[in-house]
Amino acid sequence: MDATTKTRLARYVRYARHAGYPAFFLLAFVAMLYLTLPYQVIAEQLAAAGRSAGFKVVVGSIGPGLARIRAKGVRITPPKQEGQTAEPEALVIEELSFRPTLFPMGTAFAARLFGGTAEGSVGMGSKPFVTLKLKTIDLARINAKAVFGLDVGGKLNLAVNVASSEPVSLGPRGLEYDASKLSGSVGLAGDTLAINGGTVANYDLPKVDLGRLDAVVRIEPGKVDIATFRTEGGDAESSLEGQIALQKMLAVSTLRLKLKFKPSDDFLKRNSFIQTGLSFAMTRDPKGYYAANIERTIGNPRFAPVR
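Draft legend 1. A look at the overall build of the chain. Broken down by element type, the chain carries five helices and 17 strands. Of all 307 residues assigned to the chain, the portion counted as buried reaches 32%. Considering only contacts in the chain between residues 6 or more positions apart, those separated by 24 or more positions represent 43%. Entry remark: accessible area of the chain is about 19100 Å², with carbon and sulfur atoms responsible for 59%.

Draft legend 2. Here's a closer look at the confidence of the model for the chain. Within the chain, residue pLDDT values average 81, and 80% of them lie at 70 or more. In this model residues 15-21 is a low-confidence stretch, pLDDT under 50, and it forms zero contacts with partners more than four residues away in sequence or in other chains. Counted against residues more than four places away or in other chains, residues 23-30, with its pLDDT under 50, gives zero contacts.

Draft legend 3. Just the pattern of salt bridges, in detail. The tally for this structure, following the rule as stated, stands at 11 salt bridges. The closest approach of N and O atoms between R112 and E95, which form a salt bridge, is 3.4 Å. Of this pair, R112 sits in strand β4 (residues 105-113) while E95 is found in strand β3 (residues 91-102), placing the two residues 17 residues apart along the sequence. A relative accessible area of 39% means that R112 is categorised as partly exposed. On the basis of relative accessible area, E95 is assigned to the buried category, the value being 17%.

Draft legend 4. Up close: the pairing of strand β16 (residues 290-296). In terms of strand pairing, strand β15 (residues 254-263) meets β16 through five bridges, oriented antiparallel. Across the sheet, the residue bridging to K258 is N293, located in β16. Bridge count for β16 against strand β17 (residues 301-305) is five bridges, and the pairing is antiparallel. The partner of I294 across the bridge, within β17, is F303. Hairpin connection of β16 to β17: four residues between the antiparallel strands.

Draft legend 5. The environment of V57, seen in detail. One can find V57 in strand β1 (residues 56-64). You can call V57 buried: its relative accessible area is 16%. Here the alpha-carbon distance between V57 and Q45, two residues 12 residues apart in the chain, equals 9.9 Å. Leaving out residues up to four positions away in the same chain, V57 has contacts with L46, A47, G50, V74, R75 and I76.

Rules of the game
Residues numbered from 1 in each chain as written. Predicted model: local features only at pLDDT ≥ 70, side-chain atom pairs only at ≥ 80, totals over all residues. Heavy atoms only, no water. Helix = DSSP H or I, 4+ residues; strand = E, 2+ residues; numbered from the N terminus. Buried < 20%, exposed > 50% of the residue type's maximum accessible area, 1.4 Å probe, protein only. Contact = heavy atoms within 4.5 Å. Areas by Shrake-Rupley, 256 points an atom, 1.4 Å probe, with all protein chains shown as cover. pLDDT = per-residue confidence, 0-100. Salt bridge = Lys/Arg side-chain N within 4 Å of Asp/Glu carboxyl O. Pairing = 2+ DSSP bridges.

Pasting the structure below:
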């Protein structure tokens, strides 16, 4: 080994020694931070945040994970709906992990739930944002019949990327924000979707094979455009088009949507009472489609059949 090589090697060793000490202490500090965090306090904060939004949140266990905080057996119980007598059943998240992020400042999270996975991030500050990806969520495992009255099945994928041009705050009624300042997109893709029955507004629903769902929604300040929304299945085809005029409060945003659907002849034969009701309430166009306008507001929608 010549003198030049020895000099370079000595220099590298010196650099490694100087860099190694701070790296070791930083790693030790992070490890101690994760091991000594008041995890029960964090669980109580999660429960408090859920209460502010009207949900009951119970954390089964919480502790340190690999560079993140990990919770298991998180049970989220939605509020009781109008006319609902029994207590709603909880939605269970098998595992939830999250960690703080600096660039941008916020929180990144991941979860295993309903036979699929979820991952995303929440950014705070002057321009907050939310990203979320759900993959292969098994709708049958959500127990929607007990929660919402619908027995549903199929697999669902969801992609959400929404930002606000104004800050979001946490008030006494939950998150407070100006919905008219939102922008971004929402994508939905579903397969083997089905309604397997259930009761909504005291009406017993039949089994409906909805098949595949493809939807893309684009959000701009002040409006939502339904770029694509269609289902194709064995029992029915449907599409949704139109816009939503966003107001500061999401519930009073104005709906200007049109729904078109085409039940199959076989489905109508199996459910003659639906065929009778449709023939009285709506007009079928030459291609076999029924149509209805969805009007008023998100908080108080009106379904107006096209006759």
